[in-house]
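Working through the structure, step by step
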Amino acid sequence: MATYAVGDIQGCLDEFLELLELIQFDKAKDKIWLTGDLVNRGPDSLETLREIKAMGQSVISVLGNHDLYLIALARVPEIFSRYKHTLHDILSSNDKEELVDWLRSFPLLHYDKKLNFALVHAGIYPTWDLAEALTYSEEVTNMLKDESEIDSFLRELYGDNPLKWKPTLTGIERLRFITNSFTRMRYCHQNHSLDLREKKHPRHASPNLVPWFAAPFRRKTKVSVVFGHWSSLTLNDAHKREHRVFPTDTGAVWKGTLTALRIDDLKYFTTIPRSKKNFSANN
Ligand SMILES: [Mn+2]
């Protein structure tokens with residue numbers, strides 16, 4: 001039995017199936033963790049969701065910003081359909097409601113005590129300890145699951161502010177901060193506020209920004225974190241060990257490379273980049 005954490009699939013069904021083959025995934029014995037962003041931008045969002053849903057209890061997924069966007073688009077189309085997306089196949093499918101309701105049950109943060117590993121889409125805000133983070137994740141999940149609250153929550157959810165956490169935040173400001181940090185964060189400023197704009201590798205980013213996991217004000221933790229969302233990020237083994245973080249988003253939607261981390265022995269598996277496949281097919 002093994003547990004694999006797979007990075008952002010974003011509707012790249014071919015790559016996902018190829019990866020399952022590569023790791024010889026056995027759904028009777030193994031577990032798959034997904035870092036979220038299962039859909040959008042890629043070619044097969046609908047079939048990707050159906051495939052993952054059919055994998056049943058062998059899959060645990062957290063919500064990414066694109067999955068949340070799908071929920072918002074399906075529930076409150078008058079607001080969210082003005083943004084560009086590739087989710088039309090899901091919106092017009094017969095099982096749209098079933099799929100969206102299933103997504104609504106996903107947490108923002110998952111923690112496995114036995115493995116001592118946490119799974120999240122973007123990251124865990126540096127000043128939060130694990131217990132706080134789990135509580136905050138649940139606050140958002142409760143809202144998403146609540147049929148009478150969800151639509152007004154989604155209408156107010158989008159936006160960058162507040163950028164700074166205070167435990168005394170309440171209402172939508174509190175929920176928005178929690179959601180943004182779990183699903184959109186890459187960098188923080190020295191003054192602890194979020195930066196939700198910069199997407200580049202730390203080597204090319206402003207020295208005033210610090211990756212969330214390397215923030216000097218981050219809580220000391222023994223928990224390892226596997227996450228996605230940041231396809232330009234590469235870390236060497238020393239940095240992974242130092243910060244106990246394991247990035248898995250290798251940009252399936254841009255480069256056709258999908259990655260799995262086997263949590264049990266920290267071995268990475270990656271599909272062949274799409275560009276190389278085309279090359280061999282033409283030759
Ligand atoms: Mn993302």
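The structure contained in this document is the topic of the report that follows. (Residues numbered from 1 in each chain as written. Predicted model: local features only at pLDDT ≥ 70, side-chain atom pairs only at ≥ 80, totals over all residues.)

Some thoughts on the sheet that holds strand β4 (residues 109–112)
The criterion, for reference: Pairing between two strands is assigned when DSSP locates at least 2 bridges connecting them. Note on conventions: DSSP H or I runs of at least 4 residues are helices, E runs of at least 2 residues are strands, and numbering of each starts at the N terminus. Lines are fitted to the C-alpha atoms to define the axes, a helix being fitted only along its stretch in contact, and any angle between axes, read from their N-to-C directions, falls within 0 to 180 degrees. Residue pairs qualify as contacts under a 7 Å threshold applied to their C-beta atoms, which are placed from the backbone.
Strand order in the open sheet made by the four strands is β4-β5-β9-β10, with mixed pairing throughout. Two strands bound the open sheet, and with one partner strand each, they are β4 and β10 (245–247). Sheet twist, expressed as the average angle between the axes of neighbouring strands with direction ignored, equals 20°. Here strand β5 (residues 117–120) pairs with strand β9 (residues 224–227) via four bridges, running parallel. Its bridge partner being in β9, A118 is matched across the sheet by V225. Of the strands in this sheet, β4 and β5 touch helix α7 (residues 130–145), which is tilted by about 135° from β4.

Structural notes on the pairing of strand β1 (residues 3–6)
Along a regular strand, successive side chains alternate from one face of the sheet to the other. Our working definition: Any residue with 12 or fewer other C-beta atoms within 10 Å of its own C-beta is exposed, any with 20 or more is buried, and the rest are partly exposed; the C-beta atoms used are placed from the backbone. When the strands point away from the viewer, a crossover counts as right-handed if the path from the first strand over the helix to the second runs clockwise.
What you see with β1 is no split at all: T3 and A5 on one side and Y4 and V6 on the other are buried throughout. As judged from the four bridges shared by β1 and strand β2 (residues 31–34), these two strands associate in the parallel manner. Paired with V6 across the two strands is L34, which belongs to β2. Chirality of the crossover, the property in question, places the unit of β1, helix α1 (residues 13–22) and β2 among those that are right-handed. One ladder, built from three bridges, connects β1 with strand β11 (residues 259–262); its direction is antiparallel. Bridge assignment links A5 to a residue of β11, and that residue is L261.

As for the packing of helix α3 (residues 65–75) against helix α8 (residues 150–157)
Put simply, the rule is: Note on convention: near helix rotated counterclockwise from far helix by under a right angle means a left-handed crossing. Clockwise means right-handed. Here the nonpolar group is Ala, Val, Leu, Ile, Met, Phe, Trp, Tyr, Cys and Pro; Asp, Glu, Lys and Arg are the charged ones; every other residue, Gly included, is treated as polar.
The N-to-C vectors of α3 and α8 enclose an angle of 120°; their axes lie 10 Å apart at closest approach. For the element pair α3 and α8, the recorded crossing hand is left-handed. Side by side, α3 and α8 meet where I71, A72 and R75 of the first sit next to I150, D151, L154 and L157 of the second. A breakdown of the residues in the contact of α3 with α8 according to their chemical character gives five nonpolar, no polar and two charged.

Some remarks on α7
The line we're drawing: By this rule, a helix spans an expected 1.5 Å times one less than how many residues it contains. Relevant arc is that of directions from the helix axis to the C-beta atoms, nothing else.
Here α7 contains 16 residues, and its C-alpha end-to-end distance of 22 Å stays within 8% of the 22 Å for a straight helix at 1.5 Å per residue. Among all positions of α7, only A133, Y136, S137, V140 and L144 are buried. When α7 is viewed along its axis, its buried side chains cluster within an angular range of 100° and face the same direction. Exposed side of α7, more than 90 degrees from the buried face: A131, T135, N142 and K145 are the residues found there. In this structure, the buried residues of α7 make contact with β4, α8 and α9 (171–183).

With respect to the pairing of β2
Strand direction decides the pairing type here: β2 and strand β3 (residues 59–61), joined by three bridges, are parallel. Note that in β3 the partner of L34 across the bridge is S61. For the segment spanning β2, helix α2 (residues 45–54) and β3, crossover handedness is right-handed.

A few points about the sheet that holds β2
In space, the five strands of this open sheet follow the order β3-β2-β1-β11-β12, with mixed pairing throughout. Edge strands, defined here as strands with exactly one partner in the open sheet, are β3 and β12 (267–270). Each adjacent strand pair in this sheet contributes to an overall mean axis angle of 25°, direction not counted.

Considerations on the nonpolar core
Where we set the bar: By our criterion, buried Ala, Val, Leu, Ile, Met, Phe, Trp, Tyr and Cys residues that link up through C-beta atoms within 7 Å make up a nonpolar core.
Ranked by size, the top nonpolar core spans 71 residues in total, and within it A5, V6, L70, V120 and V226 carry the most contacts. With seven residues, α3 is the largest single contributor of residues to this core. Setting aside anything within four residues of it in sequence, one finds V6 in contact with L19, I32, W33, L34, T35, T248, L258 and A260.

By themselves, these observations are geometric and do not establish any function.
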